[in-house]
Amino acid sequence: MNKFDYMAKYGYEQLVYFYDKETGLKGIICIHDTTLGPALGGTRLWNYASEEEAVEDVLRLARGMTYKNAVAGLNLGGGKTVLIGDPDKVKTEAYWRAFGRYVQSLNGRYITAEDVNTNTNDMDYIAMETSHITGLEKTSGDPSPFTALGVYWGMRASCLEMYGSNELKDKKVLVQGVGQVGYNLVKLLVQDGAKVFISDIKQEKIDRVTREFPVTVVPFNEIFKGSYDIFAPCAMGAIINDETIPQFKFKIICGSANNVLKEERHGVVLQNKGILYAPDYVVNAGGVINVYQEIIGYDSQEATKKVKKIYDKVLDIFKISKEKQITPSQAANYLAEERIRTIRNVRSNYIKR
Ligand code: NAD
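The structure presented is a predicted model; accordingly, all values stated were derived computationally and were not measured.

Caption draft 1: Focus on empty space enclosed by the protein. According to the stated counting rule, one finds 1 cavity of 30 Å³ or more in the structure shown. Of the voids in this model, the largest cavity is the one considered here, and its volume is about 30 Å³. Considering the residues around the largest cavity, the lining is formed by Gly-267, Leu-270, Gln-271, Ile-275, Leu-276, Tyr-277 and Pro-328. Taken together, the elements giving at least two residues each to the lining of the largest cavity come down to helix 8 (265-272) and strand 12 (276-277). No other element matches the 3 residues that helix 8 contributes to the lining of the largest cavity.

Now the structure itself:
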């Protein structure tokens with residue numbers, strides 16, 4: 001589809017291409033919607049095969065951030081940056097500072113943070129040229145424990161919905177991917193007395209968890225053989241698809257991985273199979289809730305309190321899903337769109353400040 005038609009159809013505000021002559025920096029910033037506040041979303045550095053692929057990615061990711069920030073109750077819109085380049089080759093101080101200057105040129109309409117292939121060291125360079133940045137080491141730090149905490153509360157809400165009790169004790173939970181989020185999630189689950197099963201493609205990640213916690217390891221290629229109460233996908237997206245769903249023997253799916261439903265219709269297939277799905281972008285919002293706190297004045301206790309509210313949010317979503325006879329992901333989208341619509345209307349009158 002023509003870019004302007006696509007932007008009009010899905011309500012995009014701005015798409016900014018930039019190129020730096022000195023460093024060869026090439027990238028695109030996309031601002032989807034700023035009704036609720038400045039657009040916040042991370043910077044992804046990826047060796048895209050084509051410019052087209054990069055634009056499609058930034059458009060999709062920026063819109064996803066609008067929904068995520070809206071449902072999380074943050075006063076933030078949605079945006080994203082993609083940088084086109086080889087992460088092993090392009091990173092220099094000058095590269096990041098050149099990027100920081102483009103972020104600054106948007107005058108606060110867009111706030112950046114980390115994403116795939118960008119880290120706190122890179123953020124420190126960007127911060128030399130712009131104040132519109134979050135996720136710095138010296139303030140909110142690593143978002144993963146907060147993301148894991150949000151998934152944990154999403155899981156407890158899902159248990160309340162499915163079993164009538166929010167206790168995780170003795171629940172069989174399968175965690176796919178024990179990287180930064182998965183590791184922290186396992187810690188919380190073990191503390192609550194859940195029976196935890198883990199799977200990862202990297203032995204060192206498995207070893208780190210088995211050294212510290214009483215868990216059972218499941219080979220990554222046999223992950224769907226057993227039956228579990230809860231499946232927590234914390235590795236990669238599109239794991240819920242036509243091939244995997246027939247193998248599922250779970251009651252609940254709740255994890256941190258983004259875009260786990262390969263297609264929207266897979267949410268309907270899960271519902272028909274009696275599996276309760278806690279929408280990914282709702283339960284994995286702990287990280288963004290934590291960085292938002294950085295913008296309004298960092299306080300980790302305050303951030304923790306806000307992340308726990310994911311529990312109530314997930315219950316609201318299940319309620320809407322039942323009332324409207326839609327899937328939980330459709331209910332989450334509804335909640336996001338309603339919040340944006342009503343706040344836009346509330347602000348339509350003139351008030352002198
Ligand atoms: P990570 O890279 O630290 O961990 C991912 C783990 O998954 C790795 O240990 C990797 O070896 C493993 N893995 C990959 N493919 C696998 C497979 N087929 N089977 C089993 N394990 C596999 O990443 P992370 O920061 O923990 O994030 C996990 C997911 O959550 C990602 O999808 C990420 O986008 C999403 N997420 C993370 C955060 C955050 O705060 N880190 C926030 C929101 C969403």
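Caption draft 2: Expanded view of helix 10 (residues 286-296). Among the 11 residues of helix 10, 9 are classified as buried, and the element is accordingly described as predominantly covered. The complete set of buried residues in helix 10 reads Gly-286, Gly-287, Val-288, Ile-289, Asn-290, Val-291, Tyr-292, Gln-293 and Glu-294. Along its buried surface, helix 10 packs onto strand 3 (39-40), helix 2 (51-71), helix 5 (144-163), helix 11 (300-308) and helix 12 (310-324).

Caption draft 3: Main features of the environment of Asn-241. In this fold, Asn-241 is placed in the loop between strand 10 (230-233) and strand 11 (252-253). You can call Asn-241 buried: its relative accessible area is 14%. Distance from Asn-241 to Val-260, taken between C-alpha atoms, is 8.5 Å for residues 19 residues apart in sequence. In this view, Asn-241 contacts Pro-246, Lys-262 and His-266; residues no more than four positions away in its chain are not counted. A distance of 2.9 Å separates a polar atom in the side chain of Asn-241 from the backbone oxygen of Ala-238.

What counts, and where the lines are drawn
Residues numbered from 1 in each chain as written. Predicted model: local features only at pLDDT ≥ 70, side-chain atom pairs only at ≥ 80, totals over all residues. Heavy atoms only, no water. 1 Å grid on protein atoms, 1.4 Å probe; cavity = no way out; pocket = protein on both sides within 12 Å on 5 of 7 lines; lining within 4 Å. Points joined across faces, edges and corners; volume = space filled by probe spheres on them. Helix = DSSP H or I, 4+ residues; strand = E, 2+ residues; numbered from the N terminus. Buried < 20%, exposed > 50% of the residue type's maximum accessible area, 1.4 Å probe, protein only. Contact = heavy atoms within 4.5 Å. Polar contact = N/O pair within 3.5 Å; in protein donor to acceptor, adjacent residues only side chain to side chain.

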